[in-house]
Amino acid sequence: MSLEISPRARLGLAAAALALVAGGAGYGIAHLGGSETAPTQTADSGRKALYWYDPMVPQEHYNNPDTLSSMGMKTIPKYADEGGGNAPGIRIDPAASQTLGLRAVAVRRGQLTSSLTATGTIDFNQRDVAIVQARAGGFVQRVYARAPGDIIGAGAPLADLLVPEWGGAQAEFLAVRRTGSAALIQAARQRLILLGMPSGTVASVERTGRPHNVITIFTPTGGVIKTLDVRAGMTMTAGQTLAEVNGLGTVWLNAAVPEAIAGPLKPGQTVQATLAAFPGETLSGRVSAILPTTQADSRTLTVRIELPNRGGRLRPGMFATVSFGGSAQPALLVPSEALIRTGKRTLVMLALDKGRYRPAEVQTGRESGDDTEILAGLSEGEKVIASGQFLIDSEASLSGVQARPIGGGVPMAVGKRAATAALYETVGKIEQLTANSVTLSHEPVPAIGWPAMTMTFQLPDPNVARGLKTGDRVRFGFDQPPAGPTVRRMAKVAGQ
């Protein structure tokens, strides 16, 4: 006997089958992942629950497991051995740490070499400029086919000038010379020089006995003609500029350096430059000046570098890349990859004892290669996580763990006494040095809001200042115990 199933009935059976399969799958997922009433959401009898919270809003704490969070979610317990209690931070099982690939490195003290690169263009050396002027009024009789932009050597002729005033003065000089009076001859010679006549022309008149009222104007130096304002037939007045010649023995390289990183640059510093016109060739020069004006549109400072120009190959307008190789200076260093930059502050993840971790806020300084300078927030010997720290930071945020603030009780290096405050670092000049104090005129200390000023620090250990003297420029670290600011370490800045 056959049973006919209507299309509507067939549709109902298919829906029931789908519901059965979905229910079985849901049971399997719940069985593998834990049910809603899994033990992780209620306090175990053998463990102490500090409070209950919702991982989606970890800042909300509740003392009742039945309370729902502001998100309407059931809360879970936070146990004392999971990061609460007196010990700050979160705890991660060593096996899990190995699985996450966590790598801890020690904060170390080393030498940091500044490596700053900027771009710039070649310009004329404005200190090597010669202005050619007419010494007396006259007429231009001849020009020597010169034009602006021509490169000429020293002593090249520019124009011949006829100076009528000189003709009469030279005739008087020759007449006085025939008198044989030494005093009158000297006075007449001096008059010719005061009229602007070159000493060579005066000597030629005296030697030949004939007036020379036509003079040739020569360039006093070699280089490029920047301006040329002389043409045949022109009338010239005394002091009128005929030409401007810019020397090419040296050129300026004007580099644009962002103001935020231009602080370490000093006049006299050696730099290396490469030009697009000469690939593979490196030129050496020195910083001659750091211009006092900041470009408002680009927020850059212009650093002027003087380069030798052998053969006149370097031409104004050429593009160059500049590398400022600074001297190595002592600094507290961490790997740059260990930093967590949030936009508002910079953090590192501290590796504490017994598998515990805690974020710490730091003040960073210069960067070079793979290392970053720490100005405040860490001390030598502490360990930070250089790989996998973002995963721990996420867990710390979910757990509501607060970052250790700058100055919040940073311990000293292993084997040294514990400090109650952070060490702050800056650079200064020793103004006075005694057995138990040092007066320093120092740069700003941004970590604690200090401006640049001169002040006296305590010096409990004279060995800290061993080998230093008044006038030395030093990098020093200090803390602020109740007795007042105290210098803990001090080292001479290299290359001063």
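Before any of the text, the structure's been laid out above.
Right, let's walk through the structure included here.

Cut-offs applied
- Position numbers for residues count from 1 along each chain, tracking the sequence in the order it is written.
- Note on the predicted model: pLDDT of at least 70 is required for a residue's local features to be given, and 80 or more for side-chain atom pairs to be given and counted; whole-chain, interface and lining totals, by contrast, use all residues.
- Hydrogens and waters are ignored; side-chain quantities use all the structure's heavy atoms.
- Strands here mean DSSP runs of E at least two residues long; helices mean DSSP runs of H or I at least four residues long; both are numbered from the N terminus.
- Residue burial is assigned from relative accessible area. The probe radius is 1.4 Å, only protein chains are included, and a residue is buried under 20% of its type maximum, exposed over 50%, and partly exposed in between.
- Any two residues whose heavy atoms approach within 4.5 Å are treated as being in contact.
- All accessible areas in this document rest on Shrake-Rupley with a 1.4 Å probe, and a residue is counted as covered only by the protein chains that are shown.
- Every helix has an expected span of 1.5 Å times one less than the residues it contains.
- Relevant arc is that of directions from the helix axis to the C-beta atoms, nothing else.
- Lines are fitted to the C-alpha atoms to define the axes, a helix being fitted only along its stretch in contact, and any angle between axes, read from their N-to-C directions, falls within 0 to 180 degrees.
- Between 65 and 115 degrees an angle is taken as roughly perpendicular, under 35 as roughly parallel, over 145 as roughly antiparallel, and anywhere else as oblique.
- Should the near helix be turned anticlockwise from the far one by less than a right angle, the crossing is left-handed, and should it be turned clockwise, the crossing is right-handed.
- Side-chain classes follow a simple rule in which Ala, Val, Leu, Ile, Met, Phe, Trp, Tyr, Cys and Pro form the nonpolar group, Asp, Glu, Lys and Arg form the charged group, and the remainder, Gly included, forms the polar group.
- In this scheme, strands are said to pair when DSSP sees at least two bridges between them.
- The rule is short: rings of Phe, Tyr and Trp, with Trp giving its six-membered ring, pair when the centres are within 6.5 Å, and they are stacked under 30 degrees, edge-to-face over 60, tilted in between.
- Sitting over a ring, as applied to charges here, requires NZ of Lys or CZ of Arg to be within 6 Å of the ring centre and within 35 degrees of the ring normal.

**What to know about the overall build of the protein**
A count of helical and extended segments in the protein gives 6 helices and 29 strands. Sorting the 496 residues of the protein into buried and exposed places 39% on the buried side. Taking the intrachain contacts of the protein between residues at least 6 apart in sequence as the baseline, contacts between residues at least 24 apart amount to 67%. Summed over its atoms, the accessible surface of the protein is roughly 26800 Å², and 55% of this surface lies on carbon and sulfur atoms.

**Description of helix H4 (residues 182–194)**
In this model, H4 (13 residues) spans 18 Å end to end at C-alpha, consistent with the 18 Å of a helix rising 1.5 Å per residue. For H4, every residue scored as buried is listed here: Ile185, Ala188, Arg189 and Leu192. Angular distribution of buried residues about the axis of H4 spans 100 degrees; they occupy a single face of the element. When the buried face of H4 is taken as reference, the exposed residues oriented beyond 90 degrees from it are Ala183 and Leu194. Against helix H3 (164–177) and helix H5 (199–208) lie the buried residues of H4. Just downstream of H4 lies Gly196, where phi reads positive at about 95 degrees.

**Some points on the environment of Leu265**
Looking at the secondary structure, you find Leu265 in the loop between strand S15 (250–258) and strand S16 (270–275). Judged by relative accessible area, which is 6%, Leu265 ranks as buried. Remark: the alpha-carbon pair of Leu265 and Gly325, spanning 60 residues in sequence, is separated by 9.6 Å. Setting aside residues no more than four positions away along its own chain, Leu265 makes contact with Leu116, Val257, Ile290, Val303 and Phe324.

**Describing the environment of Met455**
With respect to the helices and strands, Met455 occurs in strand S27 (residues 453–458). Looking at Met455, the relative accessible area reads 17%, which means it is buried. In this structure, the C-alpha to C-alpha distance between Met455 and His442, residues 13 residues apart in sequence, is 8.1 Å. In this view, Met455 contacts Val438, Thr439, Leu440, His442, Trp450 and Pro485; residues no more than four positions away in its chain are not counted.

**Points about the packing of H3 against H4**
Direction vectors running N to C along H3 and H4 enclose 165 degrees, while the axes themselves pass 9 Å from each other. The angle between the axes of H3 and H4 places the two elements in the roughly antiparallel class. The hand of the H3/H4 crossing is left-handed. Contacts between H3 and H4 involve Ala169, Gln170, Glu172, Phe173, Val176 and Arg177 from the former and Leu184, Ile185, Ala188, Arg189, Arg191 and Leu192 from the latter. Split into classes, the residues belonging to the contact of H3 with H4 amount to 7 nonpolar, 1 polar and 4 charged.

**Observations concerning the sheet that holds strand S13 (residues 235–236)**
The antiparallel open sheet is built from 4 strands, whose spatial order is S11-S10-S8-S13. Looking at the sheet topology across the chains shown, the edges are occupied by strand S11 (214–218) and S13. Relative to strand S10 (residues 157–162), strand S8 (residues 138–143) is paired through 4 bridges, and the arrangement is antiparallel. Opposite Phe139, over in S10, you have Leu162 as the bridge partner.

**Remarks on the sheet that holds strand S9 (residues 151–152)**
Pairing in this open sheet of 4 strands is antiparallel, and the strands run S7-S14-S12-S9 from one edge to the other. Both edges of this open sheet fall to strand S7 (129–133) and S9, since each of them pairs with a single strand only. Note that S9 and strand S12 (residues 223–228) share 2 bridges and pair antiparallel. Bridge assignment links Ile152 to a residue of S12, and that residue is Gly223.

**What to know about the packing of aromatic side chains**
Under the counting rule described, the total for this entry stands at 4 aromatic pairs. Ring centres of Tyr424 and Phe478 lie 5.8 Å apart, and the angle between their planes is 45 degrees; on these two criteria the pair is classed as tilted. Of this pair, Tyr424 sits in strand S25 (residues 424–433) while Phe478 is found in strand S28 (residues 473–479), placing the two residues 54 residues apart along the sequence. Judged by relative accessible area, which is 8%, Tyr424 ranks as buried. Members of the aromatic cluster, each reached through a chain of ring pairs, are Tyr424, Phe457, Phe476 and Phe478. Over the aromatic face of Trp252 sits the side chain of Arg304, whose NZ or CZ is 3.9 Å from the ring centroid. Sitting over the face of the ring of Phe278, Arg313 holds its NZ or CZ atom 4.4 Å from the ring centroid.

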